[in-house]
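Examining the three-dimensional arrangement
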Amino acid sequence: MSKLKNKLSRLRDQLRHFPLFGRFLVTMTALVMISYIVLTTALLFFLTNHYMKQQRTSLVNSVTANANYCEKIFEEFSDSEDEMENAMLLVLNNIGITAKATDVDIMLCNPNGRVILCKDVFSDEYSPINETVCLIHKGYTMPADAITVIKEKGTYFSSDKVVGLFSEKTFLAGAPVYVNDELVAMVFASSPVTYGIKEYTGELASLYLTAAICSAVISFLAVYGFAFNLYRPLKQMSQATKSYAKGDFSKRVTVKGKDEMAELCTSFNNMAQALSIMESSRRSFVANVSHELKTPMTTIGGFIDGMLDGTISEEKRPEYLKTVSDEVKRVTRLVTSMLNLSKIEAGELELKMKNFELSNMVINCILGFEQAIESKKIEIEGLDKLQASEVYGDPDMIYQVIYNLCDNAVKFTNDGGFIKFKITESGSKYTFSIENSGKGVSSEEIGRIFERFYKVDKSRSYDVKGAGLGLYLCKTIIDMHGGKIGAESVEDQYTRFYFTISKKQ
C-alpha cells in the first residue's frame, strides 16, 4: 500500500511540472476515454440483456407454436396406430422446418422428459434416418425442475448450464402438449448462449467501434482546440508579466469573444494600462520630487554661501534669510506630505479626532498666503460670510487639506482674479468649497486630478512646481474622515474644489 502511495505521489509531482496546456489536454482526453469505456461497458450490458430477452421470446414462441401444432395433429390422428405414425411424421416435418428456420435444436419428449423425436431424425431432404431414432439426443432426459415447471406453469425457460445434458450455458425453453387434458408430450428448444450473441454483439460492436473512433478523434481535436484557445491568453499573460517585471508595459493580451476569459483578458489589459500610467507617473514623480528638493536646496546653499563669503551685504541678509526660510518651509511641507502619505498607505497613521472650528482654520490658513495674494492682486471673497462651523476630525490633517487647496487656488488664479470661500450646512455634515478664477481644468483631466502623482498638463497651466501628491493626499485624508471630495471646472472661467466633513460630536 505504501509503495502505491509513493508511486501516486511521484506521479502527481511529475504532473505538476507539466505545462498547463498538457495537463488540461491529458485530463480531458482521459475523461473522454473513460467516458467511452463506461459507455461501451453499459452498451454491451444492455445489448446482452436485450439479446437474452429476444432469445427467450423467440424460443418460448417456437416451443409454444410447436406444442400447439402437436396437440392439433395428435388429436386428429389418435384413432389408430397407422394414423399415429403419419402424425409423427407430420410432427417431425414441422420440427425440422422450424428448427432449420430458427437455427435451434427442437426436441419432442415424453411426459417423463426423455427425448422421443428431434430435428436430427430427418435428413436435409426431410426423409427419416436412423429408423426415426436420433443418435445425438438418444437417451437425453430433460431436467426434473423443467418438467415440474412445465406441468405447473405451462412454459419453462432457462439460460444456465444443464448438467448431464449440455456442456455449456444453453438457452432452454419448453412447453407442454395436451390431448384431452392429458399431458402426452413436451416440446423443448435449445440454443447455446454464445452461439448467436457473438454474431449479434460483434456486428454492433464493430459499428460502435468505428463510430467511437471517429467521435474520439473529433473529440480530441475539439478538446485540443478548446484547450489551446484557453491556454493561449494565459501564455500571453505569462509572457506579458515577464515583460512588466522588466519595466516594459507595452505588451497586451489579444481579446477574443465575450466570455469570462475575454473579460479576464480585458481586465488584464486595463491593469497593464494602469500600471503603465502609474509607472510613468512614478518616474515623473521622482523627477518632480528631485527637482522640488534640488531647487530649494540649491537656493538655500547659494544664499548661505553668499552670506558666508560676504557676497551678500549685511543690509540685504534679512531679505535673503526670509527667502531661505520660505524654501525650508517648502521642503518641510513636501517631506511632511510624503511621510504622511507613506503612513496612510501603510495603515500606520492614526487620526486624532476632536471638535474644532473650521471657519477659523480657513481664515488662519489663507493669511499665510497674504504675500502671494497681494503680489497677484487676487480678490478674496466670502471670508466675512463664513458661518460658525464646528466640525469633528483631525485638525492637523484637515488643515493640510485646506492648505493644499488654498495653495492650488493661489497658484492657479490669474492676476487680478478672485478666490471665493464658502461653508454650507447639509444634514449631519458641513461642505467647504473654494473657487478660483483662471484657465481651469479640461473635462478630460478633471476626473484624474486626485490620482497619485498626476499633474495637470503644464502647457495649459501655471504649475511649474509640485510633485503631484497634494490633491491625492487631500482625497486620502477626506476618505479617512468618511467625507467626500470633488472638483468642478469650466475652462477659462473657474475651478471649484469642495469636501464634506462631519459636524461636531
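Preceding block: the structure.
What comes next concerns the included structure.

Rules and cut-offs
All residue numbers here refer to positions counted from 1 along the written sequence of the relevant chain. Local features in a predicted model are, by the rule used here, given only for residues with pLDDT of at least 70; side-chain atom pairs are given and counted only at 80 or more, and totals for whole chains, interfaces and linings are based on all residues. Excluded from the side-chain calculation are hydrogens and water; included are all heavy atoms of the structure. Only the stretch in contact is used when a helix axis is fitted, and all axes are lines through C-alpha atoms; the angle between N-to-C directions ranges over 0 to 180 degrees. Here a helix means four or more residues in a row that DSSP labels H or I, a strand means two or more in a row labelled E, and each is numbered from the N terminus. By definition, turning the near helix anticlockwise from the far helix through less than a right angle yields a left-handed crossing, and turning it clockwise yields a right-handed one. What makes two residues a contact is simply this: any of their non-hydrogen atoms within 4.5 Å. Three classes are used: nonpolar for Ala, Val, Leu, Ile, Met, Phe, Trp, Tyr, Cys and Pro, charged for Asp, Glu, Lys and Arg, and polar for all others, with Gly counted as polar. Pairing between two strands requires that DSSP report at least two bridges joining them. The rule for a salt bridge is simple: a side-chain nitrogen of Lys or Arg has to be within 4 Å of a carboxyl oxygen of Asp or Glu. The cut-offs for exposure are 20% and 50% of the maximum accessible area for each residue type, with area from a 1.4 Å probe on protein chains only; residues under the lower value are buried, those over the upper are exposed, and the others partly exposed. This arc describes the spread of directions from the helix axis toward the C-beta atoms.

Considerations on the packing of helix 10 (residues 395-412) against helix 12 (residues 470-480)
One can describe the packing of helix 10 onto helix 12 by two numbers: an axis separation of 9 Å at closest approach and a directional angle of 145°. Considering only the axes of helix 10 and helix 12, their crossing is left-handed. Contacts between helix 10 and helix 12 pair Met397, Ile398, Gln400, Val401, Asn404, Leu405 and Asn408 from the former with Gly470, Leu471, Leu473, Cys474, Ile477 and Ile478 from the latter. A class-by-class count of the residues in the contact of helix 10 with helix 12 yields nine nonpolar, four polar and no charged.

Digging into the sheet that holds strand 11 (residues 485-490)
By definition, the strands of a sheet pair up through backbone hydrogen bonds, in either a parallel or an antiparallel sense. Pairing within the open sheet is mixed, and its five strands lie in the order 7-9-10-12-11. Looking at strand neighbours, the two that pair on one side only are strand 7 (379-381) and strand 11, the edges of this open sheet. Across this sheet, the average inter-strand angle for adjacent strands is 15°, counted without regard to direction. Of the pairings in the sheet, the one linking strand 10 (residues 429-437) to strand 12 (residues 494-502) comprises nine bridges and is antiparallel in character. From the neighbouring strand, Ser433 faces strand 12, where its bridge partner is Tyr498. Lying over the sheet, helix 8 (residues 358-367) contacts strand 9 (418-426), strand 10 and strand 12, oriented at roughly 170° with respect to strand 9.

Looking at the pattern of salt bridges
Two side chains carrying opposite charge are able to pair once their charged atoms lie near each other. Considering all chains together, one arrives at six salt bridges under this definition. The closest approach of N and O atoms between Asp479 and Lys475, which form a salt bridge, is 2.9 Å. Here the residue Asp479 and the residue Lys475 both occupy positions in helix 12, the gap between them amounting to four residues, near one helical turn. Residue Asp479 is classed as partly exposed on the basis of its relative accessible area of 40%. The closest approach of N and O atoms between Glu488 and Arg496, which form a salt bridge, is 3.0 Å.

Focus: helix 8
Within the span of helix 8, buried status applies to Leu358, Ser359, Met361, Val362, Cys365 and Ile366. Buried residues of helix 8 fall within an arc of 160° about the axis and therefore sit on the same side. In helix 8, the exposed positions that point more than 90 degrees away from the buried face belong to Asn364 and Leu367.

As for the side chain of Ser158
Along the polypeptide, Ser158 turns up in strand 3 (residues 156-158). By relative accessible area, which is 11% here, Ser158 ends up buried. Once you skip the residues sitting within four places of it in the chain, Ser158 turns out to touch Thr170, Phe171 and Leu172.

Keep in mind these numbers describe shape, not what the thing actually does.
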